[in-house]
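Here's the letter readout for the chains.
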Protein chains: 2
Amino acid sequence: MKLRQLGEDRLLDQLLHRLPFGKTVAVGAGDDCALVAPPAGRNFLVLKTDCAVEGIHFLRRANALDVGWKAMMRPLSDFAATSALPQFALITLIASKETEVGWVRKFYRGLRKAAARFKVSIVGGETSSTRGPIAVSVSVVGFVEKNRWVSRRSGKVGDDLFVTGQLGGAIKRKHLHFVPRIAESRWLTKNFSIHAMIDLSDGLGIDLPHLAHASKVGFEIEMENLPLNRGAKIGNALSDGEDYELLFASSPRQSKRLLRSWRQKFPRLPLTRIGSLIPQSAVRNPQLPGGYVHFQ
Amino acid sequence: MKLRQLGEDRLLDQLLHRLPFGKTVAVGAGDDCALVAPPAGRNFLVLKTDCAVEGIHFLRRANALDVGWKAMMRPLSDFAATSALPQFALITLIASKETEVGWVRKFYRGLRKAAARFKVSIVGGETSSTRGPIAVSVSVVGFVEKNRWVSRRSGKVGDDLFVTGQLGGAIKRKHLHFVPRIAESRWLTKNFSIHAMIDLSDGLGIDLPHLAHASKVGFEIEMENLPLNRGAKIGNALSDGEDYELLFASSPRQSKRLLRSWRQKFPRLPLTRIGSLIPQSAVRNPQLPGGYVHFQ
């Protein structure tokens, strides 16, 4: 059956009654707005929106379950970069009326599965028809303690640079199945002082300059130390994008203890020192080969 | 110049440094997530997302300023329906790389103007390219006092039904220039007990059945009393959609005082009693001609 035959009301009815949510949700999907309990105590409210567009972030032939998973996990990866905990999500689905209802149901199953992985409640959403490709926007609201949030702006000259996991070649499979590094990020800010952090979505060659620029410092990378996925080369690690690993800067004084504790806590996920932050004036490799740039 | 020639980074740089925001914003656009102060006191957090798609909610030839205005005001109209106050907005812009940068700048001017009208801070956003039409998603976060929120679910048999403003024919001009009835809604819940409320976006013929269905009651309308825009007929009031007026249900005991106070407070905006809620079993006109139905 196509969306055109089902109609928006019945589609939303079918999708929304399957959304479980916790007791922090007073009014969920189905009313004009969602009403939820604000974060307790002296925390910041954390807001992030991200999108997944057919032909850009996924192909039409991709499994709808994977598309839902990825659409939810993309903004959650930004929560990881902020060391924040996600709580509530809003979904906007823009799809042609010729879209199969089965595709949409499977897509929502992927969203729900991803949300459940991090105890996120899907509290609302909107659908619209379009004459173009499918586009999904997911907005996430959560919180972070005032003494634990991390931005990309506070890297310091002399900081060591670390990346989690392995880089390059994510487009082959991982980009549809990644798990945002929220647990790892929360552990980091609980046990160490992290100066600056960003998630690698556009590729190290784009995201590292972003972090350095925001921190008003330069950087140097030991290319030979980049942790590579099987089959990936240095160029892939710099340019492929979609790794959704964490890149962070922290004081070299704690690096030894950090690496040792990490290995005990996350024995299956590598943590690698890949370089350091240096004065802006000393930058010798300002022109990394770029990652994925939208509109170019 | 086209987006393709400018690139995402420079586009965001240009747009984001023009975003003013209040002191409740700790980290605004430009970092992985936005960090803001949660609502004070015993309030609910209010969340809403909505979208505007080229060819559906606006035409390509529409003024980009108007498109930005409408994209921001659509979710704010849901805040009006909830009697909530909006505070923060996140923008997702999905546009082809052939889009003129001038269009995007003007579109953002429209967003900023609409946000400023209700003291909303734009705290983040995302852009993506697409091979299809322009699509915009706006998510808004705010708050409402626990004793003032209104849903569409609590209408009672015997309630009078009111609409603000005039209905029908909005597509000619008003749909790009409307002002959400937030001030009116806040005044209503401060001074009266409002049982159920919804904003008229799809048309009275769709939105009233939604309110009645959610409240588990029926309704009857005095068609001859419908307040019509100039040139609009009853059919337009029921089916055109895009009115963005409020429809609400409240006890008939306060109707006289409500109408009198309203005229004093909002002398230029009509408030009209259009009918009442009745038992579901007594419904005599269940088949209103419909409003705008997505995917049909």
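Residues numbered from 1 in each chain as written. Chains lettered and ligands numbered in written order. Predicted model: local features only at pLDDT ≥ 70, side-chain atom pairs only at ≥ 80, totals over all residues.

## Here's the deal with the environment of glutamate 242 of chain B
Residue and element names in this part refer to chain B. Positionally, glutamate 242 belongs in the loop between helix H7 (234–239) and strand E10 (246–250). Between the alpha carbons of glutamate 242 and aspartate 202 there is a distance of 6.0 Å; along the sequence they are 40 residues apart. Other than its neighbours up to four places away in sequence, glutamate 242 contacts Ala170, Ile171, His175 and Ser201. (Helix = DSSP H or I, 4+ residues; strand = E, 2+ residues; numbered from the N terminus. Contact = placed C-beta atoms within 7 Å.)

## Comments concerning the packing of helix H3 (residues 64–82) of chain A against helix H4 (residues 101–117) of chain A
All names here are of chain A. As a packed pair, H3 and H4 sit with axes 6 Å apart at the nearest point and diverge in direction by 45°. Compared by their axis directions, H3 and H4 come out oblique. Seen along the crossing, H3 lies across H4 with a hand that is right-handed. Every residue of H4 that contacts H3 at Ala64, Leu65, Asp66, Val67, Gly68, Trp69, Ala71, Met72 and Met73 is listed here: Trp103, Lys106, Phe107, Tyr108, Arg109, Gly110, Leu111, Lys113, Ala114 and Ala115. The residue inventory of the contact of H3 with H4, partitioned by class, reads 13 nonpolar, two polar and four charged. (Axes fitted to C-alpha atoms, helices over the stretch in contact; angles between N-to-C directions. Parallel < 35°, antiparallel > 145°, perpendicular 65-115°, else oblique. Left-handed = near helix turned anticlockwise from the far one by under 90°. Nonpolar A, V, L, I, M, F, W, Y, C, P; charged D, E, K, R; others polar.)

## Some points on the domain arrangement of chain A
Taken domain by domain, chain A consists of domain 1 (3–145) and domain 2 (160–282). Counting from both sides, the interface comprises 14 residues of domain 1 of chain A and, opposite them, 17 residues of domain 2 of chain A. (Domains from an automatic or database assignment.)

## Here's the deal with the relation of the copies chain B and chain A
Relative to chain A, chain B is turned by 180° and slid 0.0 Å along the rotation axis, the superposed coordinates differing by an RMSD of 0.0 Å. Those values place the two copies in the arrangement expected of a two-fold rotation axis. When each C-alpha of chain B is compared by its distance to the rotation axis, glycine 132 of chain B comes out closest, at 2.2 Å. Residue by residue, 100% of the interface of chain B is reproduced at the interface of chain A, so both copies engage with the same surface. (Least-squares fit on C-alpha atoms with pLDDT ≥ 70 in both.)

## Some details on the sheet that holds strand E10 (residues 246–250) of chain A
Residues and elements named next belong to chain A. In spatial order, the strands read E8-E10-E7-E11-E9; together these five strands make up an open sheet with antiparallel pairing. Bordering the open sheet on either side are strand E8 (194–199) and strand E9 (218–221), each of which pairs with just one other strand. Mean inter-strand twist for the sheet, computed between neighbouring axes without regard to direction, equals 30°. Here four bridges tie E9 to strand E11 (residues 271–278), and the two strands are oriented antiparallel to one another. Residue pairing across strands places isoleucine 221 opposite glycine 275, the latter belonging to E11. The strands touched by H3 within the sheet are E8 and E10, with E8 carrying the most contacts at an inclination of about 170°. Running over the sheet, helix H6 (residues 204–215) touches E8, E9, E10 and E11 and is turned about 145° from E8. (Pairing = 2+ DSSP bridges.)

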